[in-house]
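One-letter residues, chain by chain:
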2 protein chains.
Amino acid sequence: MENPSGFLDALERAGYRLTEPRRLVAGLIAERAGHFTAADLVAAAQRRRAGIGRATIFRALELWLELGAVERIDLPSGQHAYVRCEPAHHHHVVCSECGRASEIDDVGLRAFVDAVARRTGYAIDTHRLELFGRCPACRSGSQRPARRTA
Amino acid sequence: MENPSGFLDALERAGYRLTEPRRLVAGLIAERAGHFTAADLVAAAQRRRAGIGRATIFRALELWLELGAVERIDLPSGQHAYVRCEPAHHHHVVCSECGRASEIDDVGLRAFVDAVARRTGYAIDTHRLELFGRCPACRSGSQRPARRTA
DNA sequence: GTAGATGCAAAACCTTTGCATTTTG
DNA sequence: CAAAATGCAAAGGTTTTGCATCTAC
(Lines give C-alpha, C1' and ligand atoms only; values in the text may rest on other atoms or scores of the structure.)
Protein backbone atom coordinates (compact mmCIF):
# COMPACT_ATOMS: atom_id res chain seq x y z
CA MET A 1 0.00 0.00 0.00
CA GLU A 2 2.91 2.26 0.57
CA ASN A 3 6.46 1.65 -0.31
CA PRO A 4 8.88 0.03 2.05
CA SER A 5 11.94 2.04 1.20
CA GLY A 6 11.51 4.33 4.17
CA PHE A 7 12.29 1.40 6.41
CA LEU A 8 15.32 0.43 4.43
CA ASP A 9 16.56 3.98 4.32
CA ALA A 10 16.23 4.20 8.05
CA LEU A 11 18.37 1.11 8.45
CA GLU A 12 20.95 2.35 6.04
CA ARG A 13 21.17 5.75 7.62
CA ALA A 14 21.73 4.14 10.99
CA GLY A 15 24.44 1.90 9.62
CA TYR A 16 22.56 -1.39 9.71
CA ARG A 17 22.83 -3.88 6.89
CA LEU A 18 20.29 -4.15 4.15
CA THR A 19 19.58 -7.82 4.22
CA GLU A 20 17.11 -9.87 2.29
CA PRO A 21 15.02 -10.79 5.34
CA ARG A 22 14.78 -7.15 6.34
CA ARG A 23 13.63 -6.19 2.87
CA LEU A 24 10.97 -8.84 3.07
CA VAL A 25 9.72 -7.74 6.45
CA ALA A 26 9.66 -4.14 5.27
CA GLY A 27 7.58 -5.30 2.33
CA LEU A 28 5.14 -7.08 4.59
CA ILE A 29 4.72 -4.01 6.72
CA ALA A 30 4.30 -1.79 3.70
CA GLU A 31 1.37 -3.77 2.43
CA ARG A 32 -0.53 -3.46 5.67
CA ALA A 33 -2.93 -0.54 5.76
CA GLY A 34 -3.22 0.06 9.47
CA HIS A 35 -1.78 -1.38 12.57
CA PHE A 36 -0.39 -4.88 12.74
CA THR A 37 1.07 -7.21 15.31
CA ALA A 38 4.29 -9.15 15.25
CA ALA A 39 2.15 -12.25 14.95
CA ASP A 40 0.51 -10.85 11.82
CA LEU A 41 3.87 -10.57 10.17
CA VAL A 42 5.01 -13.97 11.30
CA ALA A 43 1.85 -15.50 9.88
CA ALA A 44 2.15 -13.61 6.62
CA ALA A 45 5.76 -14.65 6.26
CA GLN A 46 4.90 -18.29 6.79
CA ARG A 47 1.93 -18.14 4.46
CA ARG A 48 4.15 -17.16 1.62
CA ARG A 49 6.94 -19.42 2.72
CA ALA A 50 9.34 -16.55 2.94
CA GLY A 51 11.58 -18.57 5.20
CA ILE A 52 11.94 -15.77 7.69
CA GLY A 53 12.21 -16.77 11.30
CA ARG A 54 10.10 -15.38 14.08
CA ALA A 55 13.17 -14.01 15.74
CA THR A 56 14.16 -12.02 12.70
CA ILE A 57 10.81 -10.33 12.60
CA PHE A 58 10.94 -9.42 16.25
CA ARG A 59 14.47 -8.17 15.86
CA ALA A 60 13.56 -6.04 12.87
CA LEU A 61 10.58 -4.53 14.65
CA GLU A 62 12.72 -3.74 17.64
CA LEU A 63 15.18 -2.00 15.37
CA TRP A 64 12.58 0.08 13.61
CA LEU A 65 10.99 0.89 16.89
CA GLU A 66 14.19 2.36 18.18
CA LEU A 67 14.82 4.12 14.88
CA GLY A 68 11.39 5.66 15.15
CA ALA A 69 10.09 4.08 11.97
CA VAL A 70 7.26 2.37 13.79
CA GLU A 71 5.53 3.10 17.03
CA ARG A 72 4.22 0.52 19.37
CA ILE A 73 0.71 1.00 20.64
CA ASP A 74 -1.44 -1.03 22.92
CA LEU A 75 -4.92 -1.81 21.79
CA PRO A 76 -7.73 -1.58 24.33
CA SER A 77 -7.70 -5.37 24.30
CA GLY A 78 -4.22 -5.27 25.72
CA GLN A 79 -2.51 -6.64 22.65
CA HIS A 80 0.60 -5.03 21.28
CA ALA A 81 0.50 -3.58 17.82
CA TYR A 82 2.70 -1.46 15.64
CA VAL A 83 1.98 1.37 13.24
CA ARG A 84 4.26 3.00 10.76
CA CYS A 85 5.06 6.54 11.70
CA GLU A 86 6.86 9.64 10.62
CA PRO A 87 9.58 10.38 13.16
CA ALA A 88 8.10 13.73 14.14
CA HIS A 89 4.56 12.76 14.95
CA HIS A 90 3.67 10.49 17.73
CA HIS A 91 0.00 9.94 18.04
CA HIS A 92 -2.51 8.04 16.02
CA VAL A 93 -6.19 7.52 15.67
CA VAL A 94 -6.81 3.88 15.00
CA CYS A 95 -9.96 2.70 13.33
CA SER A 96 -11.52 0.02 15.45
CA GLU A 97 -13.16 -1.49 12.42
CA CYS A 98 -10.61 -1.66 9.64
CA GLY A 99 -7.47 -1.02 11.65
CA ARG A 100 -6.35 1.88 9.50
CA ALA A 101 -4.38 4.47 11.45
CA SER A 102 -4.07 8.19 10.85
CA GLU A 103 -1.52 10.42 12.38
CA ILE A 104 -2.60 13.47 14.28
CA ASP A 105 -0.55 16.43 15.23
CA ASP A 106 0.10 17.65 18.72
CA VAL A 107 -1.36 21.10 18.37
CA GLY A 108 -3.67 21.53 21.28
CA LEU A 109 -2.45 18.43 22.99
CA ARG A 110 0.70 20.19 23.97
CA ALA A 111 -1.38 22.88 25.62
CA PHE A 112 -3.29 20.26 27.51
CA VAL A 113 -0.14 18.55 28.71
CA ASP A 114 1.24 21.86 29.87
CA ALA A 115 -1.93 22.56 31.78
CA VAL A 116 -1.70 19.21 33.51
CA ALA A 117 1.90 19.88 34.41
CA ARG A 118 0.92 23.18 35.93
CA ARG A 119 -2.00 21.72 37.86
CA THR A 120 -0.22 18.68 39.21
CA GLY A 121 3.31 19.95 39.63
CA TYR A 122 4.73 17.03 37.67
CA ALA A 123 7.57 17.60 35.23
CA ILE A 124 6.01 15.67 32.41
CA ASP A 125 8.46 14.26 29.95
CA THR A 126 6.56 11.62 28.05
CA HIS A 127 3.01 11.01 27.14
CA ARG A 128 1.23 8.42 25.15
CA LEU A 129 -2.10 9.00 23.60
CA GLU A 130 -4.12 6.53 21.64
CA LEU A 131 -7.44 7.30 20.09
CA PHE A 132 -9.85 4.72 18.80
CA GLY A 133 -12.92 5.12 16.70
CA ARG A 134 -14.39 4.52 13.28
CA CYS A 135 -12.71 6.07 10.29
CA PRO A 136 -14.64 8.04 7.68
CA ALA A 137 -14.62 5.14 5.23
CA CYS A 138 -16.04 2.67 7.71
CA ARG A 139 -18.61 5.17 8.84
CA SER A 140 -20.00 5.73 5.36
CA GLY A 141 -20.19 2.09 4.35
CA SER A 142 -21.91 1.61 7.67
CA GLN A 143 -23.92 -1.48 6.70
CA ARG A 144 -21.73 -4.51 7.17
CA PRO A 145 -19.11 -4.30 9.88
CA ALA A 146 -15.86 -4.75 7.98
CA ARG A 147 -13.12 -7.19 8.87
CA ARG A 148 -11.41 -6.90 12.20
CA THR A 149 -7.67 -6.40 11.98
CA ALA A 150 -6.80 -7.17 15.54
CA MET B 1 -1.00 3.84 52.23
CA GLU B 2 -4.66 4.09 51.67
CA ASN B 3 -7.31 1.83 52.93
CA PRO B 4 -8.40 -1.21 51.03
CA SER B 5 -12.07 -1.06 51.87
CA GLY B 6 -12.96 0.60 48.60
CA PHE B 7 -12.00 -2.59 46.85
CA LEU B 8 -14.01 -4.72 49.20
CA ASP B 9 -16.99 -2.44 48.92
CA ALA B 10 -16.82 -2.68 45.17
CA LEU B 11 -16.92 -6.44 45.39
CA GLU B 12 -19.75 -6.46 47.83
CA ARG B 13 -21.80 -4.01 45.83
CA ALA B 14 -21.38 -6.16 42.78
CA GLY B 15 -22.42 -9.26 44.66
CA TYR B 16 -19.05 -10.98 44.85
CA ARG B 17 -17.93 -12.76 47.96
CA LEU B 18 -15.65 -11.17 50.49
CA THR B 19 -13.03 -13.82 50.85
CA GLU B 20 -9.85 -13.87 52.82
CA PRO B 21 -7.60 -13.98 49.74
CA ARG B 22 -9.37 -10.99 48.26
CA ARG B 23 -8.96 -9.05 51.49
CA LEU B 24 -5.27 -9.82 51.41
CA VAL B 25 -4.83 -8.75 47.82
CA ALA B 26 -6.77 -5.56 48.50
CA GLY B 27 -4.39 -4.94 51.37
CA LEU B 28 -1.37 -5.44 49.18
CA ILE B 29 -2.70 -3.01 46.64
CA ALA B 30 -3.58 -0.48 49.28
CA GLU B 31 -0.04 -0.35 50.54
CA ARG B 32 1.38 0.45 47.14
CA ALA B 33 1.74 4.14 46.47
CA GLY B 34 1.66 4.23 42.73
CA HIS B 35 1.29 1.77 39.97
CA PHE B 36 2.04 -1.89 40.39
CA THR B 37 2.12 -5.00 38.29
CA ALA B 38 0.51 -8.33 38.88
CA ALA B 39 3.99 -9.69 39.39
CA ASP B 40 4.59 -7.15 42.17
CA LEU B 41 1.62 -8.48 44.03
CA VAL B 42 2.54 -12.09 43.46
CA ALA B 43 6.02 -11.43 44.78
CA ALA B 44 4.72 -9.51 47.79
CA ALA B 45 2.29 -12.29 48.59
CA GLN B 46 5.01 -14.90 48.46
CA ARG B 47 7.40 -12.81 50.47
CA ARG B 48 5.00 -12.75 53.35
CA ARG B 49 3.93 -16.31 52.79
CA ALA B 50 0.34 -15.27 52.42
CA GLY B 51 -0.40 -18.51 50.64
CA ILE B 52 -2.26 -16.78 47.84
CA GLY B 53 -1.93 -18.31 44.44
CA ARG B 54 -0.93 -16.45 41.33
CA ALA B 55 -4.27 -17.25 39.77
CA THR B 56 -6.20 -15.66 42.59
CA ILE B 57 -4.31 -12.43 42.18
CA PHE B 58 -4.91 -12.32 38.47
CA ARG B 59 -8.55 -13.15 38.98
CA ALA B 60 -8.95 -10.44 41.57
CA LEU B 61 -7.31 -7.85 39.35
CA GLU B 62 -9.51 -8.84 36.48
CA LEU B 63 -12.52 -8.38 38.70
CA TRP B 64 -11.49 -4.97 39.93
CA LEU B 65 -10.62 -3.96 36.45
CA GLU B 66 -14.09 -4.71 35.25
CA LEU B 67 -15.60 -3.07 38.32
CA GLY B 68 -13.58 0.02 37.54
CA ALA B 69 -11.63 -0.05 40.78
CA VAL B 70 -8.32 -0.20 38.97
CA GLU B 71 -7.25 0.81 35.53
CA ARG B 72 -4.70 -0.98 33.45
CA ILE B 73 -2.02 1.12 31.87
CA ASP B 74 0.95 0.28 29.75
CA LEU B 75 4.26 1.72 30.73
CA PRO B 76 6.55 3.07 28.02
CA SER B 77 8.60 -0.07 28.56
CA GLY B 78 5.68 -2.11 27.38
CA GLN B 79 4.92 -3.68 30.73
CA HIS B 80 1.41 -3.86 32.04
CA ALA B 81 0.62 -2.09 35.25
CA TYR B 82 -2.40 -1.20 37.29
CA VAL B 83 -3.37 1.89 39.21
CA ARG B 84 -6.19 2.43 41.64
CA CYS B 85 -8.77 4.77 40.26
CA GLU B 86 -11.99 6.51 40.97
CA PRO B 87 -14.60 5.21 38.56
CA ALA B 88 -15.22 8.61 36.99
CA HIS B 89 -11.70 9.60 36.07
CA HIS B 90 -9.68 7.80 33.54
CA HIS B 91 -6.27 9.28 33.10
CA HIS B 92 -3.19 9.39 35.23
CA VAL B 93 0.16 11.01 35.45
CA VAL B 94 2.64 8.44 36.60
CA CYS B 95 5.88 9.41 38.26
CA SER B 96 8.70 7.72 36.47
CA GLU B 97 10.80 7.84 39.58
CA CYS B 98 8.68 6.71 42.50
CA GLY B 99 5.78 5.26 40.57
CA ARG B 100 3.18 7.37 42.34
CA ALA B 101 0.17 8.15 40.15
CA SER B 102 -2.13 11.14 40.23
CA GLU B 103 -5.43 11.35 38.52
CA ILE B 104 -6.14 14.17 36.15
CA ASP B 105 -9.42 15.36 34.86
CA ASP B 106 -10.48 15.48 31.27
CA VAL B 107 -11.16 19.17 31.05
CA GLY B 108 -9.35 20.36 28.00
CA LEU B 109 -8.62 16.89 26.80
CA ARG B 110 -12.19 16.50 25.71
CA ALA B 111 -11.82 19.60 23.61
CA PHE B 112 -8.70 18.20 22.03
CA VAL B 113 -10.36 14.90 21.23
CA ASP B 114 -13.25 16.73 19.64
CA ALA B 115 -10.88 18.75 17.53
CA VAL B 116 -9.16 15.61 16.30
CA ALA B 117 -12.49 14.06 15.46
CA ARG B 118 -13.39 17.11 13.46
CA ARG B 119 -10.08 17.24 11.64
CA THR B 120 -9.83 13.56 10.82
CA GLY B 121 -13.45 12.63 10.34
CA TYR B 122 -13.16 9.72 12.76
CA ALA B 123 -15.97 8.99 15.18
CA ILE B 124 -13.78 8.65 18.21
CA ASP B 125 -15.21 6.52 20.94
CA THR B 126 -12.28 5.63 23.15
CA HIS B 127 -9.02 7.19 24.03
CA ARG B 128 -6.21 6.31 26.31
CA LEU B 129 -3.80 8.84 27.63
CA GLU B 130 -0.86 8.18 29.82
CA LEU B 131 1.46 10.85 31.07
CA PHE B 132 4.84 10.20 32.59
CA GLY B 133 7.13 12.54 34.44
CA ARG B 134 8.60 13.33 37.83
CA CYS B 135 6.25 14.12 40.65
CA PRO B 136 6.70 17.19 42.86
CA ALA B 137 8.20 15.15 45.67
CA CYS B 138 10.83 13.51 43.51
CA ARG B 139 11.65 16.81 41.91
CA SER B 140 12.37 18.53 45.18
CA GLY B 141 14.52 15.79 46.64
CA SER B 142 16.32 15.92 43.33
CA GLN B 143 19.67 14.61 44.56
CA ARG B 144 19.51 10.86 44.62
CA PRO B 145 17.30 9.23 42.05
CA ALA B 146 14.82 7.31 44.19
CA ARG B 147 13.92 3.67 43.79
CA ARG B 148 12.39 2.48 40.56
CA THR B 149 8.99 0.94 40.94
CA ALA B 150 8.75 -0.60 37.51
C1' DG C 1 37.47 -11.95 5.49
C1' DT C 2 34.84 -10.46 9.28
C1' DA C 3 31.47 -8.27 11.88
C1' DG C 4 26.83 -8.44 11.70
C1' DA C 5 22.53 -10.93 10.70
C1' DT C 6 19.82 -15.15 10.49
C1' DG C 7 17.17 -19.49 11.63
C1' DC C 8 16.09 -22.76 14.58
C1' DA C 9 14.76 -24.53 18.73
C1' DA C 10 14.88 -23.96 23.43
C1' DA C 11 14.13 -20.90 27.17
C1' DA C 12 11.91 -17.26 29.60
C1' DC C 13 7.92 -14.71 30.49
C1' DC C 14 3.40 -13.63 31.63
C1' DT C 15 -1.39 -14.93 31.90
C1' DT C 16 -5.09 -18.25 31.78
C1' DT C 17 -7.40 -22.65 32.67
C1' DG C 18 -8.95 -27.31 34.56
C1' DC C 19 -10.13 -29.49 38.42
C1' DA C 20 -10.29 -31.27 43.08
C1' DT C 21 -10.82 -28.98 47.44
C1' DT C 22 -12.16 -25.29 50.53
C1' DT C 23 -14.94 -21.39 51.95
C1' DT C 24 -18.64 -18.02 52.04
C1' DG C 25 -23.28 -16.54 52.62
C1' DC D 1 -25.46 -26.96 51.91
C1' DA D 2 -24.86 -25.18 47.31
C1' DA D 3 -22.56 -21.94 44.72
C1' DA D 4 -18.59 -19.44 44.42
C1' DA D 5 -13.74 -18.99 45.08
C1' DT D 6 -9.13 -21.00 45.71
C1' DG D 7 -4.56 -23.29 44.89
C1' DC D 8 -1.93 -25.90 42.30
C1' DA D 9 0.11 -27.28 38.34
C1' DA D 10 -0.24 -27.58 33.67
C1' DA D 11 -1.31 -25.31 29.35
C1' DG D 12 -1.26 -21.19 26.24
C1' DG D 13 0.63 -17.46 24.07
C1' DT D 14 4.07 -14.23 23.10
C1' DT D 15 8.77 -12.50 23.08
C1' DT D 16 13.75 -13.44 23.80
C1' DT D 17 18.12 -15.93 23.56
C1' DG D 18 22.09 -19.15 22.47
C1' DC D 19 24.58 -20.70 18.96
C1' DA D 20 26.13 -22.59 14.65
C1' DT D 21 25.73 -21.00 10.01
C1' DC D 22 25.36 -17.61 6.48
C1' DT D 23 25.99 -13.03 4.15
C1' DA D 24 26.48 -8.07 3.25
C1' DC D 25 29.95 -4.92 2.95
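Cut-offs applied
- Residues numbered from 1 in each chain as written.
- Chains lettered and ligands numbered in written order.
- Predicted model: local features only at pLDDT ≥ 70, side-chain atom pairs only at ≥ 80, totals over all residues.
- Heavy atoms only, no water.
- Least-squares fit on C-alpha atoms with pLDDT ≥ 70 in both.
- Near = heavy atom within 4 Å.
- Polar contact = N/O pair within 3.5 Å; in protein donor to acceptor, adjacent residues only side chain to side chain.
- Helix = DSSP H or I, 4+ residues; strand = E, 2+ residues; numbered from the N terminus.
- Nonpolar A, V, L, I, M, F, W, Y, C, P; charged D, E, K, R; others polar.
- Contact = heavy atoms within 4.5 Å.
- Buried area = accessible area lost by both parts, 1.4 Å probe.
- Salt bridge = Lys/Arg side-chain N within 4 Å of Asp/Glu carboxyl O.
- Buried < 20%, exposed > 50% of the residue type's maximum accessible area, 1.4 Å probe, protein only.

Peer 1: Which residues make up the relation of the copies chain B and chain A, and what values do they have?
Peer 2: Placing chain B over chain A gives an RMSD of 0.2 Å and needs a rotation angle of 179°, together with 0.0 Å of translation along the axis. Look at the turn and shift together and you get a two-fold axis relating the two. Taking the C-alpha atom as reference, chain B places Leu 129 of chain B closest to the rotation axis, 2.2 Å from it.

Peer 1: Run through the protein's contact with DNA strand C, naming residues and quoting values.
Peer 2: If you check the shell around DNA strand C, you find 19 residues, and the closest are Thr 19, Gly 51, Thr 56 and Arg 59 of chain A together with Arg 17 of chain B. Each atom of DNA strand C within 4 Å of the protein was classed as base or backbone; sugar and phosphate made up 63%. Within the backbone of Gly 51 of chain A, a nitrogen or oxygen atom sits 2.9 Å from a phosphate oxygen of DNA strand C. At 2.7 Å from a base oxygen of DNA strand C is found a side-chain nitrogen or oxygen belonging to Arg 17 of chain B. Breaking the surface near DNA strand C down by element, the ones donating at least two residues are α2 (20-30) and α4 (54-67) of chain A together with α4 (54-67) of chain B. The greatest single-element share of the surface near DNA strand C, amounting to four residues, is contributed by α4 of chain B. Each residue belonging to the surface near DNA strand C can be placed in one class, and the counts come to eight nonpolar, five polar and six charged.

Peer 1: Explain the protein's contact with DNA strand D residue by residue, including any values.
Peer 2: Around DNA strand D there are 19 residues in total, and Arg 17, Thr 19, Gly 51, Thr 56 and Arg 59 of chain B lie nearest to it. Leu 18 of chain A is positioned with one of its backbone polar atoms (N or O) 3.2 Å from a phosphate oxygen of DNA strand D. Those elements that place two or more of their residues in the surface near DNA strand D are α4 of chain A together with α2 (20-30) and α4 of chain B. If you tally residues by element for the surface near DNA strand D, the top one is α4 of chain A, at four residues. For the surface near DNA strand D, the residue count by class is eight nonpolar, five polar and six charged.

Peer 1: With reference to specific residues and values, describe the interface of chain B and chain A.
Peer 2: Counting residues at the interface gives 41 residues for chain B, matched by 40 residues for chain A. For the pair chain B and chain A, the summed buried surface comes to about 3,100 Å²; carbon and sulfur atoms form 61% of the total. By the criterion of area lost to chain A, the three top residues of chain B are Phe 112, Tyr 122 and Arg 128 of chain B, representing 24% of everything that side buries. The tally of links between chain B and chain A comes to zero salt bridges.

Peer 1: Tell me about the environment of Leu 41 of chain B, residues and numbers included.
Peer 2: Residue and element names in this part refer to chain B. Position of Leu 41 among the secondary structure elements: in helix α3 (residues 38-47). Relative accessible area serves as the criterion here: at 0%, Leu 41 is assigned to the buried category. Taking the C-alpha atoms as reference points, Leu 41 and Ile 29, separated by 12 residues in sequence, lie 7.4 Å from one another. Setting aside its immediate chain neighbours within four residues, Leu 41 contacts Val 25, Leu 28, Ile 29, Arg 32, Phe 36, Ile 57 and Leu 61.

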